[in-house]
Amino acid sequence: MFGAVPTLGADFRADRMRSGRHGRALRVGLISGLVPLSLALVQCGKAPDPAALAANSQANVQVVAKTNSQTSRVASGDTFEDRFPAPQFEERFPSASESFLQRQMSDFSPKRAVQQQPREQSPYKVASLEPQVPYKRPGREDLTTLVSMKSSAFPYFGNNPASDAPFLNISKGDRRGHRSYSGRVYWQDETYSDSRVLVHVPEHFDVRKPGVIVVFFHGNGATLERDVRDRQLVPKQITDSGANAVLLAPQMAVDAADSSAGKFWQPGGFKRFMAESADHLARLTGDPNSARAFANMPIVIVGYSGGFLPTAWSLEVGGISDRVRGVVLLDAVYGEMDKFASWIESHRSGFFVSSYTRYTARRDRELMSMLRQKGISVAEDMDGPLQPGSVVFVETGEGITHRDYVSRAWTRDPLKDVLVKMSATPSLALTRVAATNPSVSSR
């Protein structure tokens, strides 16, 4: 008993010492934490009002009693739901009186400058000496290019319909060739392998307006670049006419005295050529959707010299003679009169023009006689307008050479003159969209 009392006192003293040490440690820790906070508050300025903090804390949450002993906690204006309310159905979807802005795929496609006519835009301010400068959209230039087409005249490995024999009737080793009517041999790899077509689209051409496709069959001894484009200036005549017209000129026998028609001999050959051309024209003009317009556009066929043969066969077996609105022969009636007479008789809504020199005068007069016997009226000058059903034969006098006939026949630039006259007749459905200088006539 007596030994236990000192032990209890010692334990009591030990507890007091531990409690004292613990209290001192607690005070030291509080001081260590409060001193930096005090310094921060001193640096920032006056501390927040404790009363304001308490008011904000009290206003944070209310408890509202509900029926069936259920309660829910409702924020007084500072909860997440109040700050970011969930969207309602009517906010996501329009009502019956509203609608979304509807857009088509075309709204997102680039706009074509080709189909837009240049317009005067409202002036805008620029940093220059002149405060107002009118903006002008740069015009599109004429497009003249060569395009390879599978349906063009050559290469051709079929038969010659005149003899029903293979067109390539000569061979020498691995080379194959064709012996022409003159007896000369032309080799396939040199003369009958060029599938290119000269395509010309004038700057002013507008596919949205009534237009025409001019198909030009060049004569013997010609190339597209040297003769059709640069010497005969066929693309320039198309542009200068101001007519809403484009040009297709397939390469026939390359620089050879040969009038072979190649694929245009075949039934439907001309139709396939025009169908493929529509896709190329649409791509070249920058509007793939215009292929349908080109595929239905009227056609004028122009045959010069040896070009009479592909012209005649295109009318006879080409498959789309109803689309041909006119035929122009430039010193080119060397044969096939029955095919020309047949087309004229069965297509009275189109026009036919044949201009000739003394070299083809006999055959032109023979064709005139055939038509008159069928009761078809024939005119012998180009002074009047071209009308649906017009049949015109024009003889040109001395001094007009066969070589220069595409650029000078009854007048300078005869193709231009035909298109101008055609554009002046609304019933021929061709728009003239550009002003040109008056042509200079010569007989």
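Remember, predicted model here, so these are calculated numbers, not experimental data.

This part covers the overall build of the protein chain. What the protein chain contains, in helices and strands, is 13 helices and 17 strands. Within the protein chain, buried positions represent 41% of all 443 residues. For the protein chain, the share of sequence-separated contacts (at least 6 apart) that also reach a separation of at least 24 residues comes to 73%. Approximately 25,800 Å² of the protein chain is accessible, and the part contributed by carbon and sulfur atoms is 54%.

Of the residues making up helix α11 (residues 337-346), those classed as buried are M337, K339, F340, A341, W343 and I344. In the core, the buried residues of α11 are packed alongside α10 (308-317), β15 (324-330), β16 (351-356), α12 (361-373) and β17 (391-395).

Take unusual backbone geometry next. The linkage connecting F154 with the following residue, P155, adopts the cis geometry, with an omega of 5 degrees. With respect to the element layout, P155 can be found in the loop between β5 (143-148) and β6 (159-160). In the Ramachandran plot, S305 falls in the positive-phi region, its phi being about 50 degrees despite a non-glycine side chain. Position of S305 among the secondary structure elements: in the loop between β14 (299-304) and α10. Judged by relative accessible area, which is 9%, S305 ranks as buried. Unusually for a residue other than glycine, D331 sits at a positive phi of about 50 degrees. Assignment of secondary structure puts D331 in the loop between β15 and α11.

Moving on: the sheet that holds β5. With respect to topology, 8 strands assemble into an open sheet ordered β5-β11-β13-β12-β14-β15-β16-β17, the strand pairing being mixed. Two strands lie at the open edges of the sheet, namely β5 and β17, each paired on one side alone. Each strand of the sheet is rotated relative to its neighbour by a mean of 15 degrees, with strand direction disregarded. Pairing of β15 with β16, which is carried by 5 bridges, proceeds in the parallel orientation. When the sheet's bridge partners are listed, L329 is paired in β16 with S354. Here α10 sits on the sheet and contacts β12 (212-217), β14 and β15; the angle it forms with β14, its principal contact strand, is near 145 degrees. The strands touched by helix α13 (residues 414-423) within the sheet are β12, β14, β15 and β16, with β12 carrying the most contacts at an inclination of about 155 degrees.

Topologically, D240 is positioned in helix α7 (residues 234-240). Residues D240 and L419, 179 residues apart in the sequence, show an inter-C-alpha distance of 9.7 Å. A polar contact is formed between the side chain of D240 and the side chain of K236, at a distance of 2.6 Å.

We now examine the pattern of salt bridges. In total, this model carries 15 salt bridges according to the counting rule given. For R196, the salt bridge goes to D194, with nearest N and O atoms at 3.0 Å. Through salt bridges that share partners, R226, D227, R231 and D255 make up one connected network.

Ordered in space as β8-β9-β10, the 3 strands form an open sheet in which the pairing is antiparallel. Every interior strand has two partners, whereas the edge strands, β8 (170-172) and β10 (185-187), have only one. For this sheet, the mean angle separating the axes of adjacent strands, direction not counted, is 35 degrees. Two elements, β8 and strand β9 (residues 175-179), share 3 bridges in a ladder whose sense is antiparallel. Each bridged residue has a counterpart across the sheet, and for S171 the counterpart in β9 is R176.

This part covers the nonpolar core. In terms of nonpolar packing, the biggest core is built from 62 residues, with F270 and F294 touching the most fellow members. Residue contributions to this core peak at 6 residues, all from helix α8 (residues 269-284). Apart from residues lying up to four places away in sequence, F270 is in contact with V215, F217, F264, I299, I301, S314, G318, I320 and V324. By size, the runner-up hydrophobic cluster in this structure holds 34 residues, among which are L198, V212, V302 and Y405.

A word on the packing of aromatic side chains. For the structure shown, the criterion picks out 14 aromatic pairs. Here the aromatic rings of Y156 and W265 are separated by 5.9 Å at their centres, their planes lie at 55 degrees, and the arrangement is tilted. Of this pair, Y156 sits in the loop between β5 and β6 while W265 sits in the loop between β13 (245-250) and α8, placing them 109 residues apart in sequence. Note on accessibility: Y156 and W265 belong to one class, buried. Grouping aromatic residues by their ring pairs yields a cluster made of F154, Y156, F167, Y192 and W265. Across the ring face of W313, the terminal group of K339 is positioned such that the distance to the ring centre comes to 4.4 Å.

Summed over all chains, the structure comprises 3 cavities of 30 Å³ or more. As a volume, the largest cavity reaches approximately 40 Å³. What lines the largest cavity is V214, I238, V300, V302, V328, L415, V418 and L419. Of all the secondary-structure elements, those providing two or more residues to the lining of the largest cavity are β14 and α13. Here the lining of the largest cavity gets 3 residues from one element, more than from any other, and that element is α13. Tallied by class, the residues present in the lining of the largest cavity amount to 8 nonpolar, no polar and no charged.

Bringing the packing of α11 against α12 into the picture now. For the pair α11 and α12, interaxial distance at closest approach is 10 Å and the crossing angle is 40 degrees. Viewed along their axes, α11 and α12 adopt a mutual orientation that is oblique. When you trace α11 past α12, the crossing you get is right-handed. Two secondary-structure elements touch here, α11 through M337, D338, F340, A341 and I344 and α12 through R363, E366, L367, M370 and L371. Split by residue class, the contact of α11 with α12 holds 7 nonpolar, no polar and 3 charged.

Conventions and cut-offs
- In every chain, residue numbers begin from 1 and rise along the written sequence.
- Predicted model: local features are reported for residues with pLDDT of at least 70 only, side-chain atom pairs are reported and counted for 80 or more only, and whole-chain, interface and lining totals are derived from all residues.
- To get the side-chain values, all heavy atoms of the structure are used, and hydrogens and water are removed first.
- The way it works is that DSSP assigns letters per residue, a run of H or I at least four long becomes a helix, a run of E at least two long becomes a strand, and they are numbered from the N terminus.
- The buried label goes to any residue with under 20% of its type's maximum accessible area, the exposed label to any with over 50%, and the partly exposed label to all in between, with areas taken from a 1.4 Å probe on protein chains only.
- Residues are treated as being in contact if the distance between any of their heavy atoms lies within 4.5 Å.
- Every accessible area reported is derived by Shrake-Rupley at a probe size of 1.4 Å, with residue values counting cover from the shown protein chains alone.
- Should DSSP find at least two bridges between two strands, the strands are taken to pair.
- Each axis is a line fitted through C-alpha atoms, taken for helices only over the stretch in contact, and angles between the N-to-C directions span 0 to 180 degrees.
- Within 3.5 Å is the distance limit for a polar contact, defined as a pair of N or O atoms, with the added protein rule that one can donate a hydrogen and the other accept it, and that residues adjacent in sequence qualify only through two side-chain atoms.
- The term salt bridge refers to a pairing of a side-chain nitrogen on Lys or Arg with a carboxyl oxygen on Asp or Glu at a separation within 4 Å.
- Put simply, a nonpolar core is a bunch of buried Ala, Val, Leu, Ile, Met, Phe, Trp, Tyr and Cys residues held in one set by side-chain atoms that sit within 4.5 Å of each other.
- Whether two aromatic rings pair depends on their centres lying within 6.5 Å, for rings of Phe, Tyr and Trp, where Trp uses its six-membered ring; planes under 30 degrees apart make the pair stacked, over 60 edge-to-face, and the rest tilted.
- Geometrically, a lysine NZ or arginine CZ counts as sitting over a ring once it is within 6 Å of the ring centre and also within 35 degrees of the ring normal.
- Only protein atoms enter the 1 Å grid, on which a cavity is a set of points fitting a 1.4 Å probe that cannot get out and a pocket is an open set with protein on both sides within 12 Å along at least 5 of 7 lines, lining residues being those with an atom within 4 Å of a point.
- Grid points are joined across faces, edges and corners, and a volume is the space filled by probe spheres set on the points.
- In this classification, the charged set is Asp, Glu, Lys and Arg, the nonpolar set is Ala, Val, Leu, Ile, Met, Phe, Trp, Tyr, Cys and Pro, and all remaining amino acids, among them Gly, are polar.
- Angles are sorted into four bins: roughly parallel if under 35 degrees, roughly antiparallel if over 145, roughly perpendicular if 65 to 115, and oblique for all others.
- Crossing chirality is assigned from the near helix's rotation relative to the far helix, an anticlockwise turn below a right angle marking it left-handed and a clockwise turn marking it right-handed.

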